[in-house]
Amino acid sequence: MPTKRIESILISVFDKSGLDEIIDYLKKSSVKVYSTGGTYAHLEAAGLSPVKVEDVTSYPSILDGRVKTLHPKIFGGILAQRTEDHMGQLAHYDIPQIDAVVVDLYPFEETVRTTDDESAIIEKIDIGGIALIRAAAKNFRDVLIIPSKAHYSFLVDKMKNAGAETTLGERKKMALEAFKVSSHYDTAIFEYFSGEGSDGVFKKSFLGGQVLRYGENPHQQGIYFGELNNIFEKLGGKELSFNNLVDVDAAVQVMSEFKDDGPTFAVLKHTNTCGLATRQTIHQAWKDALAGDPVSAFGGVLIANHPIDLATAGEINTLFYEVLIAPGFNDDALALLTQKKKRVLLKINDFYKGQKQFKSILNGVIVQDSDMKMENAEDFEVKTQKAPTATEAEDLIFANKIVKHLKSNTIVFAKGGQLLGMGCGQTSRVDACKQAIEKARGFGLDLAGSVMASDAFFPFPDCVELAYDAGARAVIQPGGSIKDQLSIDYCDSKGMSMVFTGTRHFKH
């Protein structure tokens, strides 16, 4: 395959770090270097003699540096095909041929993360750099594009080991990398202006996908795109799998409801919370969360909102689990837990919940606002003759937080800050109710004086009948059925309390 040698190069970068090896080669070569602004000063200080872009264009950098390279004498040299006609035009207009372009864009995403100053953010929208990237990538047959500092190593390798020559295939591959950089950059700008979403347009971009061992099943390929390091510090264990990541996300979402509460521990299996308790200590929260379903806890994902101490770690360590998440680990607890090399330990930095959710369906994507709403006692509309007691109201709020994060149809029974039984993913609410009661009884948990939460309304009184017979004495539900009164009347006949929230929390 024919190669092309770099005889001239334009370097225009925001971040000057990482250029040393490129500069060292250029010092020893006859490659003509063009540059501008701060990059020119850096290269000159390093011992090169670059040509100022301003000397090529006969125009200074203007508008506070907003316009430097945007000129036909620069873009002509990049976009010209190596044909007799185009080369003749370059000669006629005294335009230098440019064989390679090195760019590192203004740090737009980093600026958005570190400031709310709109003016500062807007000034970090790179115009010239993006134009240089696109122009060089378009003309990949004749020009090499190095679109970010992450790609410097490719150029260094070509200069050191290939006489600064590249093949057409290599230049085309770098053009792909260039459009990856530019499209991601433009998407980040779009997301900033749209506030993570815009009617009629769906855009999302992640760089650096992590290839997983496999997807949901071994015969499926899986890749994760995201920035886990912003949310977690991985302290030990194997690489997270596709299913681990899905379960970890579910765990973080449910614990986000309890992050500011007292010591709380949750056990999840297949994205559903099967045990959860809030107690005076994280050790007792663990014991009572596990009691909710010690069978399903095997191979589950565990999460706490308080640091893990040695006593808690000692008990957790006797159980096989996939992932343990907490905001911290005491040194002795961490030393114990890291002895088992395959079990993943994550220190959580942020109970992150994005404003938007999306998933692929059919041949497209559906996008919705995340369910950020959670009701408190002020939202209760008491529908029965008897109002819940203060203790029952606390339990209703607790149960409603859990029911929000279980697959529909779902029912939760709780008491005293402990999940006693849950039924989820059922095709009827009655089945979910029966499942929740059976699970509680199966693990020896007493439902007397408990409360029941439902993710949607009751079209008939059958669920409240089952709940009363099981021992529940207060109910929380969104309401909204044309037959709501049937359930209300049944509660009144039994001295139960029922509150409506007006908010449904379906989860499919």
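Predicted, not measured: the structure shown is a model, and the values here were computed from it.

Caption draft 1: Here's a closer look at the overall build of the chain. Along the backbone of the chain there are 18 helices and 23 strands. Relative to its length of 508 residues, the chain is extended, with a C-alpha radius of gyration of 31 Å against a globular reference of 23 Å. Dimensions of the chain, computed from the C-alpha atoms along their principal axes, are close to 95 × 50 × 40 Å. Going through the 508 residues of the chain one by one, you find that 48% of them count as buried. Put simply, of all contacts in the chain between residues at least 6 apart along the chain, 57% involve residues at least 24 apart. On the chain, roughly 24400 Å² of surface is accessible, and the fraction owed to carbon and sulfur atoms is 51%. Considering the chain, the positive charge centre built from 56 side chains and the negative charge centre built from 66 side chains are found 5 Å apart.

Caption draft 2: Molecular detail of the sheet that holds strand β5 (residues 100-104). Strand order in the open sheet formed by 5 strands is β4-β3-β2-β5-β6, and the pairing between neighbours is parallel. Edge positions in the sheet fall to β4 (51-52) and β6 (144-146), since each of these pairs with one other strand and no more. Here 5 bridges tie strand β2 (residues 8-13) to β5, and the two strands are oriented parallel to one another. Bridged to Val13 within β5 is Asp104.

Caption draft 3: Geometry of the packing of aromatic side chains. Within this structure, the stated rule accounts for 8 aromatic pairs. Relative to Tyr185, the ring of Phe108 has its centre 6.3 Å away and its plane inclined at 65 degrees; by these criteria the two rings are edge-to-face. Taken together, the positions of Phe108 in helix α6 (residues 108-114) and Tyr185 in helix α10 (residues 168-194) put the pair 77 residues apart, joining distant regions of the chain. Connected via pairs of aromatic rings, a cluster forms that spans Phe108, Tyr185, Tyr192 and Phe193.

Caption draft 4: Focus on the nonpolar core. In terms of nonpolar packing, the biggest core is built from 64 residues, with Phe265, Ile303, Leu324, Ile325 and Val412 touching the most fellow members. In contact with Ile325, not counting residues within four places along its chain, are Phe232, Val248, Ala251, Val301, Leu302, Ile303, Ala304, Leu346 and Ile348. In this structure, Ile9, Ile98, Ile125 and Tyr152 belong to the second largest nonpolar core, which totals 53 residues.

Caption draft 5: Examining a nonpolar patch on the surface more closely. Together, Phe202, Phe206, Val211, Ile223, Phe225, Phe358, Val365 and Val367 make up a nonpolar patch on the protein surface, roughly 710 Å² of accessible area in all. With respect to the secondary-structure elements, Val365 resides in strand β17 (residues 364-369). Using a relative accessible area of 41% as the deciding quantity, one classes Val365 as partly exposed.

Caption draft 6: Highlighting the environment of Pro388. Tracing the chain through its elements places Pro388 in the loop between β18 (381-382) and α15 (390-403). Between the alpha carbons of Pro388 and Phe265 there is a distance of 26 Å; along the sequence they are 123 residues apart. Setting aside residues no more than four positions away along its own chain, Pro388 makes contact with Val382, Ala393, Leu396, Ser497 and Val499.

Caption draft 7: Local environment of the pairing of β17. With 6 bridges joining them, strand β16 (residues 356-361) and β17 adopt antiparallel strand pairing. By the bridge assignment, Gln357 is partnered in β17 with Gln368. What sits between β16 and β17 in their antiparallel hairpin is a turn of 2 residues, with Leu362 showing a positive phi close to 50 degrees.

Caption draft 8: Inspection of the packing of helix α16 (residues 429-442) against helix α17 (residues 462-470) at higher detail. For the pair α16 and α17, the least separation of the axes is 9 Å and the interaxial angle reads 15 degrees. As summarised for this structure, α16 and α17 are arranged roughly parallel, according to the angle between their axes. Remark: the crossing between α16 and α17 carries right-handed chirality. On α17, the residues that touch Arg429, Val430, Cys433, Lys434, Ile437 and Arg441 of α16 are Asp462, Cys463, Leu466, Asp469 and Ala470. When the residues that make up the contact of α16 with α17 are grouped by side-chain class, the tally is 6 nonpolar, no polar and 5 charged.

Caption draft 9: Structural detail: the pattern of salt bridges. The full count for this structure, using the stated rule, is 19 salt bridges. Between Glu315 and Lys287 there is a salt bridge; the shortest N-O distance is 3.8 Å. Within this pair, whereas Glu315 is found in helix α13 (residues 310-316), its partner Lys287 is found in helix α12 (residues 282-291), the two being separated by 28 residues in sequence. The partly exposed category is assigned to Lys287, whose relative accessible area is 35%.

Caption draft 10: Looking closely at α16. Taking 1.5 Å per residue as the helical rise, α16 with its 14 residues ought to reach 20 Å, and the 20 Å between its terminal C-alpha atoms agrees with that figure. Of all the residues in α16, the buried ones are Arg429, Ala432, Cys433, Ala436, Ile437 and Ala440. Projected down its long axis, α16 carries its buried residues within an arc of 130 degrees, all on one side. Structural note: α16 exposes Glu438, Arg441 and Gly442 on the side pointing more than 90 degrees away from its buried face. Close packing links the buried residues of α16 with β19 (411-415), β20 (418-423), β21 (451-454) and α17. Of the residues trailing α16, Gly444 is marked for its positive phi of about 70 degrees.

Caption draft 11: The side chain of Asp126, seen in detail. Looking at the element boundaries, Asp126 is found in the loop between α7 (118-123) and α8 (128-138). The side chain of Asp126 sits in the buried core without any salt bridge; Lys68 is the nearest counter-charge, 7.1 Å away. With residues near it in sequence (within four places) discarded, Asp126 still touches Leu105, Tyr106 and Tyr185.

Caption draft 12: Representation of the packing of α8 against α10. The contact between α8 and α10 brings their axes to 9 Å, and the two run at 150 degrees. Relative to α10, α8 is oriented roughly antiparallel. Seen from above, α8 lies across α10 with left-handed handedness. Between α8, through Ile130, Ile133, Arg134, Ala137 and Lys138, and α10, the contact on the second element is made entirely by Ala175, Ala178, Phe179, Val181, Ser182 and Tyr185. Grouping the amino acids of the contact of α8 with α10 by side-chain chemistry returns 8 nonpolar, 1 polar and 2 charged.

Caption draft 13: Local environment of unusual backbone geometry. Cis geometry marks the peptide bond from Ser408 to Asn409, where omega comes out at -10 degrees. Mapped onto the elements of the fold, Asn409 is located in the loop between α15 and β19. You will see that Ala164, though not glycine, has its phi angle at about 60 degrees, which is positive. Turning to its location among the elements, Ala164 is positioned in the loop between α9 (152-161) and β7 (165-167). Positive phi, close to 50 degrees, is recorded for Leu362, a residue that is not glycine. Of note, Leu362 is situated in the loop between β16 and β17.

Reading the values: the criteria
- Residues numbered from 1 in each chain as written.
- Predicted model: local features only at pLDDT ≥ 70, side-chain atom pairs only at ≥ 80, totals over all residues.
- Heavy atoms only, no water.
- Helix = DSSP H or I, 4+ residues; strand = E, 2+ residues; numbered from the N terminus.
- Rg over C-alpha atoms; globule rule 2.2 N^0.38 Å.
- Buried < 20%, exposed > 50% of the residue type's maximum accessible area, 1.4 Å probe, protein only.
- Contact = heavy atoms within 4.5 Å.
- Areas by Shrake-Rupley, 256 points an atom, 1.4 Å probe, with all protein chains shown as cover.
- Lys, Arg positive; Asp, Glu negative; His and termini not counted.
- Charge placed at Lys NZ, Arg CZ, Asp CG, Glu CD.
- Pairing = 2+ DSSP bridges.
- Phe/Tyr/Trp six-rings, centres within 6.5 Å; stacked < 30°, edge-to-face > 60°.
- Core = buried A, V, L, I, M, F, W, Y, C linked by side-chain atoms within 4.5 Å.
- Patch = residues over 30% accessible without salt bridge, like charges linked within 9 Å, V, L, I, M, F, W, Y side chains within 5 Å.
- Salt bridge = Lys/Arg side-chain N within 4 Å of Asp/Glu carboxyl O.
- Axes fitted to C-alpha atoms, helices over the stretch in contact; angles between N-to-C directions.
- Parallel < 35°, antiparallel > 145°, perpendicular 65-115°, else oblique.
- Left-handed = near helix turned anticlockwise from the far one by under 90°.
- Nonpolar A, V, L, I, M, F, W, Y, C, P; charged D, E, K, R; others polar.
- Expected span 1.5 Å × (residues − 1).
- Arc of directions from axis to C-beta.

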